[in-house]
Amino acid sequence: LADATGGWRSLFEDLWPLRNQFASEAQGAAAEVRSGVSSKFRVATFCRFRTACARTAAAAATAARGGGVTGVVLPLHQRVTLLRRSHPELLHKEAVAQVIATQRAHKQQQQQHAEEHAEAEPTTQPAGLQSSIVSVQSGAKGSVLAVSPGCGLRGFEFGHVFDESTAQSNVYEQCGLRLVMDLANGVNGALILYGQTGAGKTHTMFGPPSHTQETRGLAPRVAEAAVDLLAERRRLGLNVRLKLSYVELFGNEVTDLLEGQRVAHPEASRVLRGEFELDIESVEDVDRALARGEERKRCAETAMNDRSTRAHTLLVFRLEQSAFGSDALTVSSSLFLADLGGSERVTKSRANEEAKSAGYGSWSEYYESRRRLSETNNINQGLLALKRCIQALDERQKKGTKSIPVPYRDSRLTEVLEPALGGLARTSIVVCCSPEAVHAEETVQTLRFGEMCSCIEHVRAASADTTSGVAQALRQLDEQVQEVEGRIREKERWELRQSMRTDVVDANDESTSRVNVTEEMELGGLGAVEILPDDATLAQITEVQHAVWGQVLVGAEGEHAELEALLDRRRQLLGEA
């Protein structure tokens, strides 16, 4: 926990102001101490790339189609930077001139290609990059280098980056454990998962459908820690109650997933007051509650996800603690686990395929056909409202004033999350991303949202250093190249193989020349060669097959393909592609 929070000193400084959080009002210390506790909203941002086991069949099919991969024209200054990195002897002026000359030559090639192939569409992408995730530097203070239209090469930094091989337990230790500690100390918190549909949010929060002890998600791990907290607090002589709410937010509708009933008057205050809570005493109680809620969640199959969550789901743990006695102060804290519905483009998710226009069939058929589209709109509206709240909090931080209003009432989602988005609270935001190039543009938008969230507490850097990001990506590629070359040396071997070679023989090849043994050659000696004209009667083509033996390198064909892909990416980063 200390490693995840910046060391023991940082952890102590956070906990010291809360030392008398549970003191009674009669002692007079609690009010004084609580008044000295900073009410600064604290947020930590993390980035996780979807693991291979979380990849659904629909997501694999979308990536296989590959139609969404687009070419990227890098800004001039980035192309100049890449050229000077590969050719350090060039001056800036010379590099600019060379880049412009290359661009003009490419345009001329496009025009020539268009003239030669009038019916074919001319290529619009210059030699260079395609939208993709270039490199991922995992670990604490990790970074992601991406390339996408509109921003070119762009680096993003986060408190921690989890690559595709990261275990669920590591994600919990970095993102969830600190929030459980704050829950125990009377501080509100939230763990919000944001990202494109099919990026692994539900997998990260709850784990796969048939999860094991190792693959279970954040919610079961938080529940286990909270139940352990019950026994520990009671051992210390505190009166403790742990309650659980599990609700679904769809537009302005609120559904209690524990009972399966839509709330008649869906005010957010009813959720915050705990009207839909269940008392928790064991991990089995939580497991049963999660199983009931899973059956009632609004899910559907789309082109990007076999089981796409079609609404925002909130799992709320509320802990009430007090010392035994009539004058004891009751401290209540809540931890919100938010599995947000995935942002999506209807052109990719195909949510609009069955939508019908008004006038075709009955009104009930019309609304039923547009249900998937309505779900997408409600999801995106809630996410936009969350973005506006984050932007307002960002403006507050930059200007150092609380006079800027935060639009919590713009959606039911932000209204419910208000206690965890302001005041004495800590929020962890995990942006979930897809590693495939076909989703690179959506991934960049997700990364930008995470970057905006991180700026609430940390001052934004003056400008992103693309050069350092490229240098880091090149170092990673060089290490991967060395690793693949080492595997090739271990696996590759010479092998004697027989192959059949086909030669084409023309009958005229054997009858179109004649040696005159009595004729003297110009350079001396007898045996002049006379070239005869082809004989039309001998115009016969024959294919002859021969068995040929030779040695070939085998055993590392896959590694060679991987090496070629790495070298191609390296050439692209250096502007040599």
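**Q** Would you mind going over the overall build of the chain with me for this structure?
**A** Tallying secondary structure elements over the chain gives 18 helices and 20 strands in all. The proportion of buried residues among the 577 residues of the chain is 44%. Here the chain displays about 30100 Å² of accessible surface, and carbon together with sulfur accounts for 49% of that area.

**Q** I'm lost on the environment of Glu415 in this one. Help?
**A** Relative to the assigned elements, Glu415 resides in helix H15 (residues 412-417). In this structure the C-alpha to C-alpha distance between Glu415 and Leu386, which are 29 residues apart in sequence, comes to 9.6 Å.

**Q** Would you take a moment to explain the environment of Pro533 for this structure?
**A** Mapped onto the fold, Pro533 is located in the loop between strand S19 (526-531) and strand S20 (541-554). Taking the C-alpha atoms as reference points, Pro533 and Ser513, separated by 20 residues in sequence, lie 8.4 Å from one another.

**Q** Quick question: what am I supposed to make of the pattern of salt bridges here?
**A** Pairing is possible between side chains that carry opposite charge, provided their charged atoms lie close to one another. Applying the stated criterion across every chain, the model contains 22 salt bridges. The salt bridge partner of Asp285 is Arg288, with a shortest N-O separation of 2.4 Å. You can see Asp285 and its partner Arg288 sitting in helix H11 (residues 283-296), 3 residues apart, about one turn around the helix. Ionic pairing is found between Asp410 and Arg388, a salt bridge with its closest N-O pair at 3.3 Å. With a gap of 22 residues between them, Asp410 in the loop between helix H14 (371-399) and H15 and Arg388 in helix H14 connect regions that are remote in the sequence. For Asp410, a relative accessible area of 42% corresponds to the partly exposed category. For Arg388, a relative accessible area of 36% corresponds to the partly exposed category. Here the salt bridges do not stand alone but share partners, grouping Lys243, Glu277, Arg318 and Glu320 into one network.

**Q** Any chance you could explain the nonpolar core here in plain terms?
**A** Within soluble globular proteins, side chains that are nonpolar generally end up buried alongside one another. With 44 residues, the main nonpolar core has Cys47, Ile192, Leu314, Phe336, Leu340, Ile429 and Phe449 as its most contacted residues. With 7 residues, H14 is the single largest residue contributor to this core. Formed by 41 residues, the second largest nonpolar core is a distinct cluster that contains Ala225, Leu238, Leu315 and Val430.

**Q** In this structure, what is going on with unusual backbone geometry? I would like to understand it.
**A** Unusually for a residue other than glycine, Lys141 sits at a positive phi of about 50°. In this structure, Lys141 sits in the loop between strand S3 (139-140) and strand S4 (143-148).

**Q** What is the right way to look at a nonpolar patch on the surface in this model?
**A** A cluster of nonpolar side chains, contributed by Val515, Val517, Val529 and Ile531, occupies part of the molecular surface with about 420 Å² of accessible area. Residue assignment for the nonpolar patch shows that the elements contributing at least two residues are strand S18 (513-520) and S19.

**Q** How should I be thinking about the sheet that holds strand S5 (residues 152-157) in this particular structure?
**A** Backbone hydrogen bonds are what pair the strands of a sheet, in a parallel or an antiparallel way. Spatially, 3 strands are ordered S2-S4-S5 in an open sheet, and the strand pairing comes out antiparallel. The strands lining the two open edges of the sheet, one partner per strand, are strand S2 (132-137) and S5. Put simply, the sheet's adjacent strands are angled 15° from each other on average, direction ignored. Bridge count for S2 against S4 is 5 bridges, and the pairing is antiparallel. Following the sheet pairing, Ser132 is matched in S4 by Val147. Sitting on the sheet, helix H16 (residues 440-454) touches S2, S4 and S5, and the angle it makes with S5 is about 40°.

**Q** Just to check I follow, could you spell out the packing of helix H6 (residues 168-175) against helix H9 (residues 218-235) for this structure?
**A** Each pair of packed helices can be described by the angle between their axes along with the distance between the axes. For the pair H6 and H9, the least separation of the axes is 10 Å and the interaxial angle reads 60°. If you check the angle between H6 and H9, you find them oblique. As H6 packs across H9, the resulting crossing turns out to be right-handed. Between H6, through Gln168, Ser169, Val171 and Tyr172, and H9, the contact on the second element is made entirely by Leu218, Arg221, Val222 and Ala225. Each residue belonging to the contact of H6 with H9 can be placed in one class, and the counts come to 5 nonpolar, 2 polar and 1 charged.

**Q** Can you help me understand the packing of aromatic side chains in this one?
**A** To describe a pair of aromatic rings, you give the distance between the ring centres and the angle between the ring planes. By the definition in use, this model includes 4 aromatic pairs. A ring pair is formed by Phe46 and Phe162, whose centres lie 6.3 Å apart and whose planes are at 25°; its orientation type is stacked. Here the residue Phe46 occupies a position in strand S1 (residues 42-49), and Phe162 occupies one in strand S6 (residues 160-162), the gap between them amounting to 116 residues. The two residues Phe46 and Phe162 agree in class, both being buried.

**Q** Help me understand helix H5 (residues 92-116) in this model?
**A** Compared with the 36 Å implied by 1.5 Å per residue over 25 residues, the 36 Å span of H5 between its first and last C-alpha is a close match. Buried within H5 we find Ala95, Val99, His106 and Gln110. Buried positions along H5 lie against helix H4 (76-86).

**Q** Quick question: what am I supposed to make of the pairing of S5 here?
**A** Two faces belong to every sheet, and in a regular strand the side chains alternate between them. In terms of strand pairing, S4 meets S5 through 6 bridges, oriented antiparallel. Each residue of the ladder has a partner; that of Val147, found in S5, is Leu153. Counting the residues between successive antiparallel strands, the hairpin from S4 to S5 contains 3 residues, one of them, Gly150, with a positive phi of roughly 100°.

**Q** I tried to follow the packing of H6 against helix H7 (residues 177-184) on my own but got confused; where do I start?
**A** Orientation of H6 relative to H7, taken along the N-to-C sense of each, is 45°, at an axis distance of 4 Å. Regarding the angle of H6 to H7, the classification is oblique. Across the interface between the two elements, Tyr172, Glu173 and Cys175 of H6 pack against Leu177, Leu179 and Val180 of H7. Broken down by class, the residue content of the contact of H6 with H7 amounts to 5 nonpolar, no polar and 1 charged.

**Q** What's the story with the pairing of strand S15 (residues 331-339) in this structure? I'm lost.
**A** The buried fraction of S15 is high, at 8 of 9 residues. As judged from the 5 bridges shared by strand S7 (residues 188-195) and S15, these two strands associate in the parallel manner. Bridge pairing links Gly189 to Leu335 in S15. Note: strand S14 (residues 312-323) against S15, 9 bridges, orientation antiparallel. Looking at the pairing, Phe317 lines up with Leu335 of S15.

**Q** Sorry, what's going on with the side chain of Arg221 here?
**A** Tracing the chain through its elements places Arg221 in helix H9. Comment: no salt bridge for buried Arg221; closest opposite-charge side chain is Glu224, at 6.4 Å. Once residues within four sequence positions are removed from consideration, Arg221 is found in contact with Gln168, Ser169, Tyr172, Gln213, Glu214, Thr215 and Arg216.

Cut-offs and rules
Residues numbered from 1 in each chain as written. Predicted model: local features only at pLDDT ≥ 70, side-chain atom pairs only at ≥ 80, totals over all residues. Heavy atoms only, no water. Helix = DSSP H or I, 4+ residues; strand = E, 2+ residues; numbered from the N terminus. Buried < 20%, exposed > 50% of the residue type's maximum accessible area, 1.4 Å probe, protein only. Areas by Shrake-Rupley, 256 points an atom, 1.4 Å probe, with all protein chains shown as cover. Salt bridge = Lys/Arg side-chain N within 4 Å of Asp/Glu carboxyl O. Core = buried A, V, L, I, M, F, W, Y, C linked by side-chain atoms within 4.5 Å. Patch = residues over 30% accessible without salt bridge, like charges linked within 9 Å, V, L, I, M, F, W, Y side chains within 5 Å. Pairing = 2+ DSSP bridges. Axes fitted to C-alpha atoms, helices over the stretch in contact; angles between N-to-C directions. Contact = heavy atoms within 4.5 Å. Parallel < 35°, antiparallel > 145°, perpendicular 65-115°, else oblique. Left-handed = near helix turned anticlockwise from the far one by under 90°. Nonpolar A, V, L, I, M, F, W, Y, C, P; charged D, E, K, R; others polar. Phe/Tyr/Trp six-rings, centres within 6.5 Å; stacked < 30°, edge-to-face > 60°. Expected span 1.5 Å × (residues − 1). Lys, Arg positive; Asp, Glu negative; His and termini not counted.

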